[in-house]
Amino acid sequence: MAVNALPDLNVLPAEALRALILAQHEQLLSREREIEHLKLLLVKLHRMQFGRKSEKLQRQIEQLELRLEELESSRSEKEPTPPEPTSLRASAIPTAVKPTRRALPDHLPRQTRTHVPQETVCPQCRGELRKLGEDVSEMLEYVPASFVVIRHVRTKLSCTKCDCIVQAEAPSRPIERGLAGPGLLAHVLVSKYCDHQPLYRQSEMYARQGVELERSTMADWVGGSSRLLEPLVEALHRYVIAAGKLHADDTPVPVLAPGQGKTKTGRLWTYVRDDRPAGDGAAPAVWFTYSPDRKGEHPAQHLRRIQSAL
């Protein structure tokens, strides 16, 4: 996804900086208002649906659910760590209300992975180490067709001669302090973008297995995963346009039109590097990007690096 670069704030005039802050603040307020409006509208439509079945009403609900999860994913991607308010004016900025994290279900099988410190003696005084305790944390992982909870147990060892305590470092997580393991994140993304399963439908599917995952929580996962994949997408982009010859095409795709209850036509641009028929030994690759219309400025922007190299 394209991200507009910020201007150099060190050289930006005070008035321009103030205008930028106000514009960002207004954008945040507008997005939060739209999220709250969509939630209220969904509640109303679900009440209208009770007692009667309407395909048109069901499609309307599904479109609103999709728009809501896209807004929540975008919010998580652009605001990974909300800043602490430094004044009453700053504290007026709305912050998203996160759902209370539920305890992982007891019925899920557990796999315990113990992480023992590499030290066999005290690193400070070379004294003997003894077990002091352990820290236990849990991560929800996904194994095809089943959930599993992986327990990371980090043993604590204390020195018998001094107060030194050693412990293995906590395993890294794909999303900081996130509950989902890499397999579960991959499954959610593939289900959403490849299998066309919106997050609210995935939430219903997981609930049938006794695992309650809020749609907003998974939307945060989608946004966090997008941030993780940005370097890979950028590297793929550089590799593809570095070729001496490119194959390009665009495909129309239906996209939800916010607030209109219908779809509009966007464009999915495809750039392919594959010169194997000419004897090139470089690996083939394809880079995708999206634009809301078919204006020529979009491919010009996509290929600006090639133009500058000519």
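The paragraphs below set out a description of the structure included in this document. (Residues numbered from 1 in each chain as written. Predicted model: local features only at pLDDT ≥ 70, side-chain atom pairs only at ≥ 80, totals over all residues. Heavy atoms only, no water.)

1. Notes on the nonpolar core
A general tendency of soluble globular proteins is for nonpolar side chains to be buried together. Stated formally: In these notes, a set of buried Ala, Val, Leu, Ile, Met, Phe, Trp, Tyr and Cys residues joined through side-chain atoms within 4.5 Å is what counts as a nonpolar core. Three exposure classes are used, based on accessible area relative to the maximum for each residue type with a 1.4 Å probe and protein chains only: buried under 20%, partly exposed in between, and exposed over 50%. Numbering of helices and strands runs from the N terminus, with a helix taken as a DSSP run of H or I at least four residues long and a strand as a DSSP run of E at least two residues long. Here, residues are in contact when the closest pair of their heavy atoms is within 4.5 Å.
Counting residues in hydrophobic clusters, the biggest one holds 21 residues, and the most contacted among them are Leu140, Phe147, Leu184, Val188, Leu213, Met218 and Trp221. Mapped by element, the contributors of at least two residues to this core are strand E2 (129–143), strand E3 (146–159), helix H4 (182–193), helix H5 (199–207) and helix H6 (215–241). Residue contacts for Val188: discarding those within four places in its chain leaves Leu199, Gln202, Tyr206, Met218, Trp221 and Val222. In this structure, Ile35, Leu45, Leu57 and Leu64 belong to the second largest nonpolar core, which totals 9 residues.

2. Details of the pattern of salt bridges
Keep this limit in mind: Each reported salt bridge corresponds to a side-chain nitrogen of Lys or Arg within 4 Å of a carboxyl oxygen of Asp or Glu.
Evaluated as defined, the whole model comprises 16 salt bridges. In this structure, the salt-bridge partner of Glu34 is Arg67, at a minimum N-O distance of 3.1 Å. Of this pair, Glu34 sits in helix H1 (residues 14–49) while Arg67 is found in helix H2 (residues 55–78), placing the two residues 33 residues apart along the sequence. Classification of Glu34 as partly exposed rests on a relative accessible area of 24%. For Arg67, a relative accessible area of 23% translates into the label partly exposed.

3. Notes on the environment of Gly133
One can find Gly133 in strand E2. In this structure, the C-alpha to C-alpha distance between Gly133 and Gln167, residues 34 residues apart in sequence, is 9.6 Å. If we ignore the near neighbours within four places in the chain, the residues touching Gly133 are Arg154, Thr155 and Lys156.

4. Some thoughts on the packing of aromatic side chains
Rules: When two rings of Phe, Tyr or Trp (its six-membered ring) have centres within 6.5 Å they constitute a pair, described as stacked for plane angles under 30 degrees, edge-to-face for angles over 60, and tilted for the intermediate range. In our convention, an over-ring charge means Lys NZ or Arg CZ found within 6 Å of a ring centre and within 35 degrees of that ring's normal.
Here the structure, examined in full by the defined rule, presents 3 aromatic pairs. Here Phe147 and Tyr206 contribute two aromatic rings whose centre-to-centre distance is 5.3 Å and whose plane-to-plane angle is 90°, an arrangement assigned as edge-to-face. Here the residue Phe147 occupies a position in strand E3, and Tyr206 occupies one in helix H5, the gap between them amounting to 59 residues. The buried category is assigned to Phe147, whose relative accessible area is 3%. Tyr206 gets classed as buried once you look at its relative accessible area, which sits at 3%. Site record: aromatic cluster; members linked through ring pairs are Tyr142, Phe147 and Tyr206. Seen from the ring of Tyr193, Lys192 lies directly overhead, with NZ or CZ sitting 5.2 Å from the centre. Taking NZ or CZ as reference, Arg273 lies 4.1 Å from the ring centre of Tyr239, over its face.

5. Describing the sheet that holds strand E7 (residues 285–291)
The test is simple: Pairing between strands is defined by DSSP: at least two bridges between them are needed. Axis lines are fitted through C-alpha atoms, for helices just across the contact stretch, and the angle between N-to-C directions can take any value from 0 to 180 degrees.
Strand order across the open sheet formed by 3 strands is E5-E6-E7, with antiparallel pairing between neighbours. Of all the strands in the sheet, just strand E5 (247–257) and E7 have a single pairing partner and so form its edges. Taken over all neighbouring pairs, the strand axes of this sheet differ in orientation by 25° on average, direction set aside. Here 11 bridges tie E5 to strand E6 (residues 262–273), and the two strands are oriented antiparallel to one another. Counted as the bridge partner of Asp250 is Trp269 from E6. Along the sheet, H6 makes contact with E6 and E7, crossing E7 at roughly 115°.

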